[in-house]
Amino acid sequence: MFNYIARRILLMIPTLVAISMLIFFLIQLPPGDAITSRLAQLQAEGSEISEEAIAALRARFYLDDPVHVQYLRWVGGFFRGDLGYSVVHEQPVSTLVGDRLGYTMLIAVGSVLFTWVIAFPLGFYSAIRQYSTSDYVFTIFAFLGMATPNFLLALVLMYLGHTYFGISVGGLISPEFMGQPYSFAKLVDLLKHIWIPMVVVGTAGTAGLVRILRANLLDELQKPYVITARAKGLKSLNLIFKYPVRIAINPFISTVGWMLPAIFSGDAIVGVVLNLPTIGPLLLESLMTQDMYLAGSILLIMSALTVFGTLVSDLLLAAIDPRIRYD
Amino acid sequence: MTEPDPQTDVPTVDESGFPVAEMTTSPGGPVSDASAPPPDAADLVYASQWKLMGRRFCKHKLALVGTGILLVFYVVAAFCEFFAPNDPTERDATLILAPPQSIRFVDEEGKFHFRPFVYGYRMEVNPETWQRVYTPDPEKRYDLVFFPKGEPYRLWNLIPMQRRLFGSTEGRVLLLGTDTLGRDVLSRIMFGARISLTIGLIGVVLTFCIGITLGGIAGYFGGFTDHAIQRLIEVLICIPQLPLWMVLSAALPGHWSALRMYFGITLILSFLGWTGLARVVRGKFLSLRNEDFVVAARLSGTGEVQIIFRHMVPSFMSHIIASATLAVPGMILGETALSFLGIGLRPPVISWGVLLQQAQNFQSVAMAPWLLYPGLFVIIVVLAFNVVGDGLRDAADPYAE
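Here, residues in each chain are numbered from 1, in the same order as that chain's written sequence. Each chain gets a letter, beginning with A, and each ligand a number, beginning with 1, in the order they are written. Where totals are concerned, whole chains, interfaces and linings use all residues; where local detail is concerned, this predicted model gives features only for residues with pLDDT of at least 70, and gives and counts side-chain atom pairs only at 80 or more.

As for the overall build of chain B
Move 1: Helix numbers and strand numbers start at the N terminus; a helix is a DSSP run of H or I with at least 4 residues, a strand a run of E with at least 2. Assigned secondary structure in chain B consists of 16 helices and seven strands.
Move 2: Burial is judged by counting other C-beta atoms within 10 Å of a residue's own C-beta: 20 or more means buried, 12 or fewer means exposed, and anything between counts as partly exposed, with every C-beta placed from the backbone. Expressed as a percentage of the 401 residues in chain B, the buried residues total 35%.
Move 3: Throughout, a residue-residue contact means that the two C-beta atoms, derived from backbone geometry, are no farther apart than 7 Å. Sequence separation of at least 24 residues holds for 70% of the intrachain contacts in chain B that already meet a minimum separation of 6.

In structure tokens, the structure reads:
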């Protein structure tokens, strides 16, 4: 077991190195470099920039160094907690990302929980009552959930909330609590808002998981050991929960790894629609203003979290499923 | 272990919803017709794999419906100049965000007309909010006709034509309302279909080529090559897809022409999409590599390329086609998401994502919910592709019941 964990953690390192190289390559792709757009912006505002000022800016961001030195400096910063510097905002990336990352993680965890809580009963019921009316209803729901782009779901929820319930949907914190210290009232206010992005981001995953659980459980239910147990008179629900469900539930753990990238993708677009203070809208904004260091750091943080999430889900899976061998 | 008591056990079985009878009959239920020999049983013995697949696919009713829907969409997309009742770029400053017209048979006086018609608009300004309010105007009755003569246009920019599928000679027919510049939403959706639907297809063809090549190389040669490609796939799937697409499409130069932008976005979408397909292909190659027919081919001196393309690829082509069909919706959703965010295709180009961009903020959705119609079409197409893909996958599996 220990060897398995150690090997998995060691394997993470080359993956992360490759990802960071790829991302660094990508953020170098757009024409110009990190300060080009900033200079254009300053010039548009009408301020005169002297040659020395440009040179000073370039020196400050080490833009005249060779590419590999720039890469090493960028990646090395991550180990010291320095996530880079946003040229447009003139602030360190860590300051910009700080709170937003917290909200994103909150939404991510909430979405995973929502997915589990909804997908389990639906998939379970669909499987034990195959071809019943409810099974068809859940199947239709699942297909619809997979087909609806989540920003569209957010827009429709916003429209329905406004037209029929008169509530404003969007944001995470009401204006009156902005900048206030955390209090119970603020927490309640946050909970009132945060369930919408959780539902919106989690729906596609829920729909997929319902289908997987249903298929897995149906496969298990037809196996001879279930028939034997039933022939011996084991109570139906006990039997199902004790054996087939235990096997069919594996995807709940194993999909967490690939749910995370989907959640980050969902957050990127839902955050824009619902006007959330998460890292998705910040990424979009940084791309629009060509603030490539900010964009690269955000992408690297998301990827690192995904790699870590995959590791955790693999370890959990190995822990609960004895069929997975450690060697 | 206690002996089960039949008297307490039987009701539990019923309540817990696990009727034993249902379990034992359900696997045989849907295929009961298979037990009786079909009239053309002799044909089936010699039928090719594709023929068998076609037969199984045709039994899947939902998949057939999906195929029909997709055919309709692609035909409309191909001839959208003819199907669209209006020019998608025609603006009308007097009809901004006008609501959809409904097709009527009965007029205000309750008189039934055999020929359907729509009412034009009457505009009023709400004195409090200064919003324009459009109501149907019974004075303006536009009869709907097939093949009316309208503004001349060129089909595919080549063939000069004047007639469209339907419309009215008396005024503009706006069945799905107008957008913020007074352009016809329905016509724009039809033109948008051309871009959005082909991006999915071209993207999947590209994905298909990359996926089969890399997956095939990994699976056939194994060893170091396999290892390297596997790691590459792992790296790519660890980066969240939409953010990576966003960074890539932001890297496309802004001055590119619409056509280059279109191919750029398609390339970006396939740049990530191939990983799933490559894994499937690799798995198939690994399992087929030591099959008897491949060994036999190798022993009789067939070349590597010939073994791959003559013997191995055809044996799992059907499976790959099913996977590819299931990959199309992801591409369509990807284009929609990128264009919606404003970093994919840009406005003079009409695609469903570009259309949805107008519905990006809450005010416009609350005022003009019909701007969400392109989203409805996205859902229909994605559903249809999923259903067809499922049907193909079931049909391609020779061991499926």
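What to know about the overall build of chain A
Move 1: Scanning chain A for helices and strands turns up 15 helices and two strands.
Move 2: Residues classed as buried in chain A amount to 39% of the 327 residues present.
Move 3: When contacts within chain A are restricted to residue pairs at least 6 apart in sequence, long-range pairs at least 24 apart make up 72% of them.

A short note on the interface of chain B and chain A
Move 1: Counting residues at the interface gives 46 residues for chain B and 48 residues for chain A.
Move 2: Every element with two or more residues in the side of chain B that touches chain A is listed here: helix 1 (6-15), helix 2 (20-25), helix 9 (223-238), helix 10 (241-250), helix 13 (304-341), helix 15 (362-367) and helix 16 (373-396) of chain B.
Move 3: Here the side of chain B that touches chain A gets eight residues from one element, more than from any other, and that element is helix 10 of chain B.
Move 4: Polarity classes work like this: nonpolar for Ala, Val, Leu, Ile, Met, Phe, Trp, Tyr, Cys and Pro, charged for Asp, Glu, Lys and Arg, and polar for all others, with Gly in that last group. Looking at the side of chain B that touches chain A residue by residue, the class counts come to 35 nonpolar, nine polar and two charged.

Notes on the pairing of strand 5 (residues 149-155) of chain B
Move 1: With zero of seven residues buried, strand 5 of chain B is to be regarded as a mostly surface element.
Move 2: Between strand 5 of chain B and the antiparallel strand that follows it, strand 6 (residues 159-163) of chain B, lie three residues; Trp 156 of chain B among them carries a positive phi value of about 55°. We call two strands paired when DSSP finds no fewer than two bridges between them.

Some thoughts on the sheet that holds strand 3 (residues 132-143) of chain B
Residues and elements named next belong to chain B.
Move 1: Taken together, the three strands give an open sheet; going across it, the order is 1-2-3, and neighbouring strands pair in antiparallel fashion. In this open sheet, the two strands that pair with only one neighbour each are strand 1 (104-106) and strand 3. Taking each pair of neighbouring strands and ignoring which way they run, the sheet shows an average axis angle of 50°.
Move 2: In this sheet, strand 2 (residues 112-125) lies alongside strand 1 in antiparallel orientation, the contact comprising two bridges. Of the residues in strand 2, the one forming a bridge with Val 106 is Phe 112. Axes, fitted as lines to C-alpha atoms, cover a helix only where it is in contact. Angles between the N-to-C directions of the axes lie from 0 to 180 degrees.

Overview of the environment of Val 247 of chain B
Move 1: Here Val 247 of chain B lies in helix 10.
Move 2: By C-beta crowding, Val 247 of chain B is classed as buried, having 25 other C-beta atoms within 10 Å.
Move 3: Val 247 of chain B sits 52 residues away from Ile 195 of chain B along the chain, and the two C-alpha atoms are 22 Å apart.
Move 4: Among all residues touching Val 247 of chain B, those that are not within four sequence positions of it are Leu 26, Leu 287, Ala 295 and Leu 299 of chain A.

Let's talk about the nonpolar core
Within soluble globular proteins, side chains that are nonpolar generally end up buried alongside one another.
Move 1: In terms of nonpolar packing, the biggest core is built from 166 residues, with Ile 298 of chain A together with Met 246 of chain B touching the most fellow members.
Move 2: Of the residues forming this core, the biggest block, 15 residues, is contributed by helix 8 (residues 185-221) of chain B.
Move 3: Those residues in contact with Ile 298 of chain A, other than ones at most four positions away along the chain, are Val 97, Ile 279, Leu 282, Leu 283 and Ser 286 of chain A. The term nonpolar core refers to a set of buried Ala, Val, Leu, Ile, Met, Phe, Trp, Tyr and Cys residues connected through C-beta atoms within 7 Å.

Observations regarding helix 5 (residues 93-128) of chain A
Move 1: To estimate the expected span of a helix, count its residues, drop one, and scale the result by 1.5 Å. Helix length check: helix 5 of chain A, at 36 residues, gives a terminal C-alpha distance of 51 Å against a target of 52 Å (1.5 Å per residue), a fit within 8%.
Move 2: At Asp 99 of chain A, helix 5 of chain A shows its maximal bend, which comes to roughly 35°. Here the bend at each residue means the angle between axes fitted to two seven-residue stretches, the one ending at that residue and the one beginning there.

Digging into the domain arrangement of chain B
All names here are of chain B.
Move 1: Looking at chain B, the domain boundaries give domain 1 (64-78 + 187-396) and domain 2 (93-183).
Move 2: The partner domain 2 presents eight residues to the eight residues of domain 1 that form the contact.
Move 3: Per-class residue counts for the side of domain 1 that touches domain 2 are six nonpolar, one polar and one charged. An automatic or database domain assignment provides the domain bounds reported here.

A short note on the confidence of the model for chain A
Move 1: Overall, the predicted model of chain A reaches an average pLDDT of 80, with 89% of residues at or above 70.
Move 2: Note: pLDDT gives the predictor's confidence per residue, expressed from 0 to 100. Within chain A, helix 2 (residues 36-44) of chain A has the poorest average pLDDT of any element, 70, and helix 9 (residues 224-231) of chain A the best, 87.

Quick notes on helix 7 (residues 150-165) of chain A
One turn of an α-helix holds 3.6 residues; hence residues three or four places apart share an orientation.
Move 1: For helix 7 of chain A, spanning 16 residues, the distance from its first C-alpha to its last is 21 Å, which sits close to the expected 22 Å at 1.5 Å a residue.
Move 2: Among all positions of helix 7 of chain A, only Asn 150, Phe 151, Leu 152, Leu 153, Ala 154, Leu 155 and Met 158 of chain A are buried.

Some details on unusual backbone geometry
Move 1: Phi at Asn 275 of chain A takes a positive value of approximately 60°, unusual for a residue other than glycine.
Move 2: Residue position: Asn 275 of chain A is located in the loop between helix 13 (256-274) and helix 14 (279-288).

A look at the pairing of strand 3 of chain B
Move 1: Taken together, the nine bridges between strand 2 of chain B and strand 3 of chain B define a ladder with antiparallel strand orientation. Following the sheet pairing, Val 118 of chain B is matched in strand 3 of chain B by Tyr 142 of chain B.

Let's talk about the environment of Ala 396 of chain B
Move 1: Relative to the assigned elements, Ala 396 of chain B resides in helix 16.
Move 2: For Ala 396 of chain B and Met 53 of chain B, which are 343 residues apart along the polypeptide, the C-alpha to C-alpha distance reads 5.8 Å.

Things to note about the packing of helix 10 of chain B against helix 13 of chain B
All names here are of chain B.
Move 1: Where helix 10 contacts helix 13, the two axes come as close as 11 Å, and the packing angle between them is 60°. Relative to helix 13, helix 10 is oriented oblique. Crossing geometry of helix 10 relative to helix 13 is assigned as right-handed. Counting all contacts with helix 10, which are made through Leu 242, Trp 245, Met 246 and Ser 249, the residues of helix 13 involved are Gly 334, Ala 337, Leu 338 and Leu 341.
Move 2: Counted by class, the contact of helix 10 with helix 13 contains six nonpolar, two polar and no charged residues. Roughly parallel refers to an angle under 35 degrees, roughly antiparallel to one over 145, roughly perpendicular to one between 65 and 115, and oblique to any angle outside these ranges. Take the far helix as your reference; a near helix turned counterclockwise from it by less than a right angle gives a left-handed crossing, and one turned clockwise gives a right-handed crossing.

Focus: the confidence of the model for chain B
Low pLDDT marks stretches whose predicted atomic positions should not be read closely.
Move 1: Here chain B averages 78 in pLDDT, and 88% of its residues register 70 or above.
Move 2: Predicted complex, confidence summary: ipTM 0.82, pTM 0.80.

Observations regarding the environment of Lys 186 of chain A
Move 1: Structurally, Lys 186 of chain A is set in helix 8 (residues 184-221).
Move 2: Under the C-beta neighbour-count criterion, Lys 186 of chain A is labelled partly exposed, with 16 such atoms within 10 Å.

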